[in-house]
Each structure stands twice: as C-alpha cells, then as structure tokens.
Amino acid sequence: MAYAIFFGSMFLMLLIGVPIGIALAGSMVLLIFHTPVTSMTFISQAMYTGVGSFTLLALPFFIIAGSIMDTGGISKRLIRVANAVLGNTTGGLGMATILACMFFGAISGSAPATVAAIGGIMIPQMVRAGYDKYYAAGLCAVAGGLGIIVPPSYPLVVYGCTNNVSISDLFLAGWGPAVLVGGLLMVVNYIYAKKHGYEGTGVKFSMKNFLKELWNAKLAFLMPVIILGGIYSGIFTATEAAVVAVVYGIIVGKFIYKELDFKALWEMYKSNIPFLGGMMFVFAPAASLGAVFSMMGVTKAIQATILSVSSNIYIVMIIIFILLLIVGMFVQTTPAIVIFSPILLPVVTALGMDPVQFGLVMDLSLSIAFVTPPVAVNLFVATSMTGLDMLVIVKRAIPFLIAMLIAMFVVGYVPGVSMGLLNLFK
C-alpha cells in the first residue's frame, strides 16, 4: 500500500504537469502521513545535504562557462578548425559539425548548449550547401549529445556526487566513449552523404590553413587543457576547475576576442538562474528519496527482481538499457541519475561492473534521451532554431540514434572502452 501511495501520487502529479521537484517532495510527504518510515526532520536534513555538497557547485559554473564560450566567439573558431580538418571529405560539413560538437563539449559540458552553439552556425551552412534541412537539424540534435559525453560533463558530476564516485576518474574514462560515439556518427554521416551526393566544401586540406585556424583558436583549445589537466594532475578539484573555466572564458571573450560585454554577461547569468534553480530544486528531494527508498526496502526489492530474472551481466545490462531508455524519455537527466543510479549501481557492481564504467553507461543512455520525445531537450532547441517539425527531425535522426545505441552496448559490454585509459594512467 505504501508503494502504491508513493508511486501513484508521484506519477499522478507528473501527469498533470506538476514540476518534478514538487512531485517528488509531495509524494514523500503523503507517504510519511500514511506510513511513517522516517520523519520530516530527516527528510529536510537529507534535502539540505543533497544540495550542500561542495562538488555540486561545479554544475552551475560549468553550465555558465558553456554559455560564455558560445557568446564570447569561441564556438566560431572551433568550427573553423573542424572545417579545416574535415570540410573537404564526403559529407564534409556534417563531419565538421560532429567534430565541432566534440570540441565544444570539451568546453561546455552541456548538450543543449552544444546544439545551440554549433547548430546555430552549421545548420544554415549545411542547408545552403544542399543538405536536407531536416537531416541537418537531426544531425546537430544527436551530435549535441556529445556535449555531455565528452568530459567535462555535468551528468557525470551529478553521478559522481550521488554515488560517491571520483569525478576525475569519470572524466578520464569518458574519453573512450566520446571518441567511439563521435566516430560512429561520422561513419553514419559518411554513408548518408555518399548515398545522397553531399560532397565536401571543395577547399582542399592545407596544413598551412589548418595551422592558421588552430592558432586562431588556440585560446579555445587551451581551456579544456587547463580544466582537465588541472583536475587530472590534482592541482584543483572539479568545482575549482569549473570556476577557473568561467573566469578564463570571461577574460578571453571580453579582453582578447572582445566579443563579450558585461551587459551580455549579466543577461547570461539571469537567463541561467531559472534552469539552475530548477535543477537544484529537483536535486534536493531526489537526494532524500534515495534514503527513503532504502528505508522502505525499494532498492533491495528492485535488485532482487532484476537478479531473479538472470544473474548474467549481459542479460541484466539489456534490462537496464531498456529501463534507462524509457526513463530518459519521460524524466530529465539530473533527476534520472539521482533517483535511479543508487538503485541500479549495486546491481551491476554485484555482478562485477566498475562504478565508473556504469556511470559512463548511464551518461550515454541519457544522452540518447536528449533526442527521444517527449522530454527531448536537444530536439526542442533544434526545433526552436529552425522552426521545423520535431517528428520529421526525429525520423531523419534515426540512423544516428542507432549508432548511439550501438555505442551504448559497446560501452556496457566492453570495459576497456571506458576503463582502458583510466587503468593506463593509474
């Protein structure tokens, strides 16, 4: 009965449009009134502890850093480098788009920001070059998911904080899956471009031009080197790295590139406040939810149910893949990680999977959810930029989504993809 009250009230509130944070907190209150598994005092303390983490401060700073990079002119320079490298290959503009998303992901850590920054420039270029406009939008929407796969990634910060996993380990392990996803997306783009006759830009690769564009973008590429190099070397924590990223972005955008002014910076801070506040409001009750689940025995019950089906890691991972894909369609990334990772992590660790590897599996699974309606943030960004029909964009994006699914299975079943680089450095 307690389960019915909790889950029934939560799904009912979500169904009628109640914000996720209020739905989670409200269902816990109703549960305690019916079955006092704990006290309101404990839940309040757990909510405070959930958002009182020093590491969690990295989230708003990484998100703001991504906005600064876009407004400060860094995204344009990254795209020029990508075009100089891959622009003249078959489907060159699509190739450059994917590579630019990888570059920008190493700066922003945000999928929607990557779609907005790269798609805003590359979609019109692809359309002018004769690409199908829906294909161009679908490519940018899916490739934008690289924003949370390429380190630094804010979902990996959330996962690390929620499950007490080293964020520097997650960031280092993230490079393998990021290269795998980027490579598979390029293969799909090449096949599609070959079939539909999308040629390159016509500008042959020139080492001189490449070095020129690389030199112009040197300060943009220096940013991830400073951030990730500082984290991996132990000079500063992930939170301190996020603050360094913001300060570095302001200095470069305002005083060197001179494309950022303080008025735009102030507007940027104001526009990010609702998103950050909403994210923290979700994180607080979701953090206390884990403790309530533990007291109710929900975690053990789910673990027992999954393991009763099979104790084979391959079968269990298929179940988890399906669950995460369904969850991602209806629940945003942060609450999905906070709610489900503490439940699923003990299941996979009991079968021998490393918590770092599972963090990359969750990250990759939820990056697919950015393009699967109804909760598909990347699609909403692409639609708002182009005015195109969302469902048609999804249809054009299906080959890329299949590539993402293949990558998810590879990361889940081949530990070396995510753990190889981490084990090498350790």
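Just above, that's the structure.
Residues numbered from 1 in each chain as written. Predicted model: local features only at pLDDT ≥ 70, side-chain atom pairs only at ≥ 80, totals over all residues. Heavy atoms only, no water.

Caption draft 1: The overall build of the chain, seen in detail. Scanning the chain from N- to C-terminus turns up 22 helices and zero strands. Against the compact-globule benchmark of 22 Å for 426 residues, the chain has a radius of gyration of 22 Å, which places it among compact chains. Buried residues in the chain amount to 53% of all 426 residues. Within the chain, contacts between residues at least 6 apart in sequence are counted, and of these 79% link residues at least 24 apart. Taken as two groups, the 19 positive and 12 negative side-chain charges of the chain have centres that lie 8 Å from each other. (Helix = DSSP H or I, 4+ residues; strand = E, 2+ residues; numbered from the N terminus. Rg over C-alpha atoms; globule rule 2.2 N^0.38 Å. Buried < 20%, exposed > 50% of the residue type's maximum accessible area, 1.4 Å probe, protein only. Contact = heavy atoms within 4.5 Å. Lys, Arg positive; Asp, Glu negative; His and termini not counted. Charge placed at Lys NZ, Arg CZ, Asp CG, Glu CD.)

Caption draft 2: Representation of the packing of helix H7 (residues 111-128) against helix H8 (residues 133-143) in the model. Two elements in contact, H7 and H8, have axes whose closest approach is 9 Å; the angle formed by their N-to-C orientations is 155 degrees. Considering their axes alone, H7 and H8 lie roughly antiparallel with respect to each other. The hand of the H7/H8 crossing is right-handed. On H8, the residues that touch Val115, Gly119, Ile123, Met126 and Val127 of H7 are Lys133, Ala136, Ala137, Leu139, Cys140 and Ala141. (Axes fitted to C-alpha atoms, helices over the stretch in contact; angles between N-to-C directions. Parallel < 35°, antiparallel > 145°, perpendicular 65-115°, else oblique. Left-handed = near helix turned anticlockwise from the far one by under 90°.)

Caption draft 3: Structural context of the packing of helix H17 (residues 313-330) against helix H19 (residues 355-368). The interhelical angle for the contact between H17 and H19, taken along N-to-C directions, is 40 degrees, at an axis separation of 8 Å. Relative to H19, the element H17 lies oblique. For the crossing formed where H17 meets H19, the hand is right-handed. Together, Met317, Ile320, Phe321, Leu324, Leu325 and Gly328 of H17 and Phe358, Val361, Met362, Ser365, Leu366 and Ile368 of H19 make up the contact between the two elements. A per-class count over the contact of H17 with H19 returns ten nonpolar, two polar and no charged. (Nonpolar A, V, L, I, M, F, W, Y, C, P; charged D, E, K, R; others polar.)

Caption draft 4: Representation of a nonpolar patch on the surface in the model. Taken together, Val309, Ile315, Ile318, Ile322, Ile326, Phe330 and Phe409 make up a surface patch of nonpolar side chains, about 630 Å² in accessible area. Per element, the largest residue contribution to the nonpolar patch is five residues, and it comes from H17. Following the sequence through the fold, Phe330 ends up in helix H17. Taking relative accessible area as the criterion, Phe330 reaches 52% and is therefore assigned exposed. (Patch = residues over 30% accessible without salt bridge, like charges linked within 9 Å, V, L, I, M, F, W, Y side chains within 5 Å. Areas by Shrake-Rupley, 256 points an atom, 1.4 Å probe, with all protein chains shown as cover. Salt bridge = Lys/Arg side-chain N within 4 Å of Asp/Glu carboxyl O.)

Caption draft 5: Structural context of the side chain of Thr90. Within the secondary structure, Thr90 is located in the loop between helix H5 (74-86) and helix H6 (92-108). Assessed through its relative accessible area of 15%, Thr90 is described here as buried. Ignoring any residue separated from it by four or fewer positions in sequence, one finds Thr90 in contact with Met95, Asn189, Tyr190, Ala193, Lys194 and Tyr198.

Caption draft 6: Spatial organisation of the nonpolar core. Of all hydrophobic cores here, the largest spans 143 residues; its most connected members are Ile68, Leu185 and Phe358. The contacts of Phe358, once residues within four sequence positions are left out, are Tyr159, Ile320, Leu344, Leu345, Val348 and Met353. (Core = buried A, V, L, I, M, F, W, Y, C linked by side-chain atoms within 4.5 Å.)

Caption draft 7: Expanded view of the packing of aromatic side chains. Scanning the entire structure with this criterion turns up eleven aromatic pairs. Ring plane angle 20 degrees and centroid distance 6.5 Å describe the contact between Tyr131 and Tyr135, whose orientation is recorded as stacked. Neither residue differs from the other here; Tyr131 and Tyr135 are each classed as buried. With 4.3 Å between their ring centres and 25 degrees between their planes, Tyr131 and Tyr198 make a pair best called stacked. With Tyr131 in the loop between H7 and H8 and Tyr198 in the loop between helix H11 (175-196) and helix H12 (207-216), the pair connects residues that are 67 residues apart, well separated along the chain. Accessibility assignment for this pair places Tyr131 and Tyr198 in one class, buried. Within the aromatic cluster, the residues linked to one another by ring pairs are Tyr131, Tyr135, Tyr192, Tyr198 and Phe400. Here the basic side chain of Lys218 rests over the ring of Trp215, its NZ or CZ set 4.1 Å away from the ring centre. (Phe/Tyr/Trp six-rings, centres within 6.5 Å; stacked < 30°, edge-to-face > 60°. Lys NZ or Arg CZ within 6 Å of the ring centre and 35° of its normal.)

Caption draft 8: Summary view of the state of the cysteines. For the structure on display, the rule yields zero disulfides. Cys101 forms no disulfide, and the closest cysteine sulfur to it belongs to Cys140, at a distance of 6.0 Å. Accessibility expressed as a relative area gives 1% for Cys140, which makes it buried. (Disulfide = S-S within 2.5 Å.)

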